[in-house]
Each structure stands twice: as C-alpha cells, then as structure tokens.
Amino acid sequence: MSASTPASTSVSTSGQTAGVRLVVVHPDKEVLAQAAAARLLTRVLDVQSVRSPVHVVLTGGSVGIATLAAVAASPLVPAVDWSGVHLWWGDERFLPDGDPDRNETQARQALVDDLVAEHGLPAANVHPMPGPTSVATPEEGAAAYAELLREHAGGLPEQSEGTVPVPAFDVLLLGMGPDGHVASLFPGHEVLAAQGTTTGVHASPKPPPERVSLTFDAIRSAREVWIVAAGSEKAEQVAAALADGPVTEVPAAGAVGRARTLWLLDAEAAGATPAK
Ligand code: 6PG
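Each value, and the rule that gives it
Residues numbered from 1 in each chain as written. Predicted model: local features only at pLDDT ≥ 70, side-chain atom pairs only at ≥ 80, totals over all residues. Heavy atoms only, no water. Helix = DSSP H or I, 4+ residues; strand = E, 2+ residues; numbered from the N terminus. Buried < 20%, exposed > 50% of the residue type's maximum accessible area, 1.4 Å probe, protein only. Contact = heavy atoms within 4.5 Å. Polar contact = N/O pair within 3.5 Å; in protein donor to acceptor, adjacent residues only side chain to side chain. Salt bridge = Lys/Arg side-chain N within 4 Å of Asp/Glu carboxyl O. Near = heavy atom within 4 Å. Areas by Shrake-Rupley, 256 points an atom, 1.4 Å probe, with all protein chains shown as cover. Nonpolar A, V, L, I, M, F, W, Y, C, P; charged D, E, K, R; others polar. Pairing = 2+ DSSP bridges. pLDDT = per-residue confidence, 0-100. Core = buried A, V, L, I, M, F, W, Y, C linked by side-chain atoms within 4.5 Å. Patch = residues over 30% accessible without salt bridge, like charges linked within 9 Å, V, L, I, M, F, W, Y side chains within 5 Å. Lys, Arg positive; Asp, Glu negative; His and termini not counted. Charge placed at Lys NZ, Arg CZ, Asp CG, Glu CD.

Draft legend 1. Layout of the overall build of the chain. Each helix and strand in the chain was counted, giving seven helices and eleven strands. Across the 276 residues of the chain, 53% fall into the buried class. For the chain, the proportion of contacts with a sequence separation of at least 24, taken over those separated by at least 6, is 73%.

Laid out in structure tokens, this is it:
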C-alpha cells in the first residue's frame, strides 16, 4: 500500500516556478525501491513513445542502488529500447575507475553492465563522471563532464532557448543524506554556490572528501527530479525540505524539476509512526 499527498506547485529558491510536487510514501525501503524501479521503467517507456533519446541521471546511495537492482530484476527491462537511452550521474566520488565506492561501479554492478551486455544499451551512452584514473583534480573532472553535457545538449528547442547547456534530463534521480544533502551539494558548504553545470567538491563532510557534482542549475534544468529516501534518520530533513526550508541548510529543498518533483519515501523517512 502506498499513500500520496495531493499534488502541489512549488517555487524554487531561485524564484522560478517549479513543476508539480508529489510525495509518495511506501511501507518500507524494499517496496520503495521496487516501486521507484517500476515507475522509472514506465516513465522511460512513456517518454520513448514521444521522443528519443531519453536522458536519465542516476544516483548513488543505498536506495538509489537498490532501485537500479530492482530495475535489473524487472520483467519490463526488455520493453525499453535501451539503444535510445543515455545514462548520466548526478555526482561521483573522486576515486579510481572500478573502485567499489564509486557510484558508477555500484550502478554498473546493479544494472548498467547488464543493460550493455544483454539489452542493447550502447556502451557509448553510459556517461560516468571522470575520476583520478583520467583527470588530475575534481575541477578537471567537472570541466570535462560539463563539456560532455554540452555536447549532448543541442537540438531540442527548449535547449536553444535555455540557459543551461545540458541535455533535457527526463528523470534525474537523487538520494538524500540525513543532513539533507543531494548529489554532492552539502549543507553549509561553499559548493552550494557553485556556478555552471558541474563542480569539483573538496572537504566533503561525507567520505571521500573529493567529489564531482552537478550544480543546482543543472539539477533544476531536469524535466523531473525524483528524490528517493528511506529511514527514520532522514525524516527531519525530509520534513524541512517539504516545508521549503533554506537550501543552505537543506540542499534537497533546492532540487526541483521543471515539470515535476517526486519525493519517493518509505514510511520512516516520511515521519510516520511505525504500525503496532
Ligand atoms: C554519495 C551518494 C549520496 C547518497 C545519499 C543517500 O555520493 O555519497 O550519492 O549523495 O545518494 O547520501 O544515501 P543513502 O540512500 O545510502 O542514505
């Protein structure tokens, strides 16, 4: 059983009207991951019926990776034309290729390698953020990723009018930390003010200290932003974000999609009292 709060519109901190916000609460983390996976596959299928390619931004974190594993196990995987899908990342830990703590490595193991090997996802459509295997610093990695995003930004009318040189992300997935961070945008950190579409991150309060992240401008350019969060340790910041708390204290409050922002929660993260 899942519960939804009524849809509402919200206004982002930068002042532009954001899309509809919807909060969906699932009983526990496992059901949340299964439901988010079903929703993601359905969304990709729906988008594919009207345009191609489809751009999806992946996240790390336990719920994010559990969602990808649930996608991999779904009988709907072959329904998607994976040759028309591009996969991006919202942030990455600045660690060597193949490091088990890289968001990329975890996503590859949970889903992406299988899509490439068995379901026709072109390896060239997988766009991990660079790490120390290929660049010297997080800033270099961020610059290289910004250029890649720019190369894939062209063609769509909204992008030629728009100010953000990134693809029109159809779904941008984000986990949220107990401190309210999304991607590698941490509360009280100078990275919150980063300009452009990507940024290097130093002195992250969550290890490892060096990272690469999308900026708020890049995140807010997405058609849909989906924030997945589970566990009672998230409840306070979920509530603060849904109350449109200050982005400097609750970065997740600034993660809004142009058309829609989905909060996909388990009951604990939603602050529900456990059933007796
Ligand atoms: C990272 C992760 C991080 C994660 C959240 C939620 O790079 O460290 O991407 O942003 O998504 O911390 O993680 P959990 O779902 O494991 O709480």
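There is more to say after this.
Draft legend 2. Focus on the side chain of His 189. Locating His 189 in the fold gives a position in the loop between strand E7 (171-175) and strand E8 (198-201). Given a relative accessible area of 15%, His 189 falls into the buried group. In terms of polar contacts, His 189 uses its side chain to reach the backbone amide nitrogen of Val 191, at 2.9 Å. Discounting residues that sit within four places of it in the chain, His 189 has contacts with Val 201, His 202, Ala 203, Ser 204 and Pro 205.

Draft legend 3. Inspection of the pattern of salt bridges at higher detail. Inspection of every chain in the model, using the stated rule, returns ten salt bridges. Arg 43 is the salt-bridge partner of Glu 224, the closest N and O atoms lying 3.5 Å from each other. Taken together, the positions of Glu 224 in strand E10 (residues 224-229) and Arg 43 in helix H1 (residues 29-48) put the pair 181 residues apart, joining distant regions of the chain. The salt bridge involving Asp 170 is made with Arg 223; its shortest N-O contact spans 3.0 Å. One end of the pair, Asp 170, is in the loop between helix H5 (157-161) and E7; the other, Arg 223, is in the loop between helix H6 (216-220) and E10, and 53 residues separate them in sequence. Accessibility assignment for this pair places Asp 170 and Arg 223 in one class, buried. Among the charged side chains, a network of salt bridges with common partners joins Glu 92, Arg 102, Glu 104, Arg 108 and Asp 113.

Draft legend 4. Looking closely at the site of the ligand. The immediate surroundings of the ligand are formed by 16 residues, with Ser 62, Arg 93, Lys 206, Arg 211 and Lys 234 found nearest. Residue Lys 234 places a side-chain N or O atom 2.6 Å away from an oxygen atom belonging to the ligand. Taken by itself the ligand offers 420 Å² of open surface, and the protein chains cover 91% of this. Among the secondary structure elements, those contributing two or more residues to the shell around the ligand are helix H2 (62-72) and strand E6 (91-93). For the shell around the ligand, a count of residues per class yields three nonpolar, eight polar and five charged.

Draft legend 5. Focus on the pairing of strand E4 (residues 54-58). The buried count for E4 comes to five of five residues, which makes it a mostly enclosed element. Pairing of E4 with strand E5 (residues 85-89) involves five bridges; the strand directions are parallel. Residue Leu 58 lies in a different strand from E5, and its bridge partner there is Trp 89. With two bridges connecting them, E4 and E7 associate as parallel partners. Along E7, the bridge assignment pairs Val 57 with Leu 172.

Draft legend 6. Geometry of the confidence of the model for the chain. Residues with a pLDDT of 70 or more make up 89% of the chain, whose mean pLDDT is 92. Residue range residues 4-16 is modelled with pLDDT below 50. Its contacts to residues more than four positions away, or to other chains, number 26 contacts. Note that residues 157-161 has pLDDT below 50 and, in this model, eight contacts with residues that lie over four places away or in other chains.

Draft legend 7. Molecular detail of the nonpolar core. Core analysis: the largest hydrophobic core is formed by 78 residues, its most contacted members being Leu 58, Phe 169, Leu 172, Leu 174, Leu 214, Ile 219 and Trp 263. Here this core takes seven residues from H1, the largest share from any one element. If we skip the residues at most four places from it in the chain, Leu 172 touches Val 57, Leu 214, Ala 218, Ile 219, Ala 222, Glu 224, Val 225 and Trp 226.

Draft legend 8. Structural context of a negative patch on the surface. Taken together, Asp 28, Glu 30, Glu 233 and Glu 268 make up a surface patch of like negative charges. On the secondary structure map, Glu 30 appears in helix H1.

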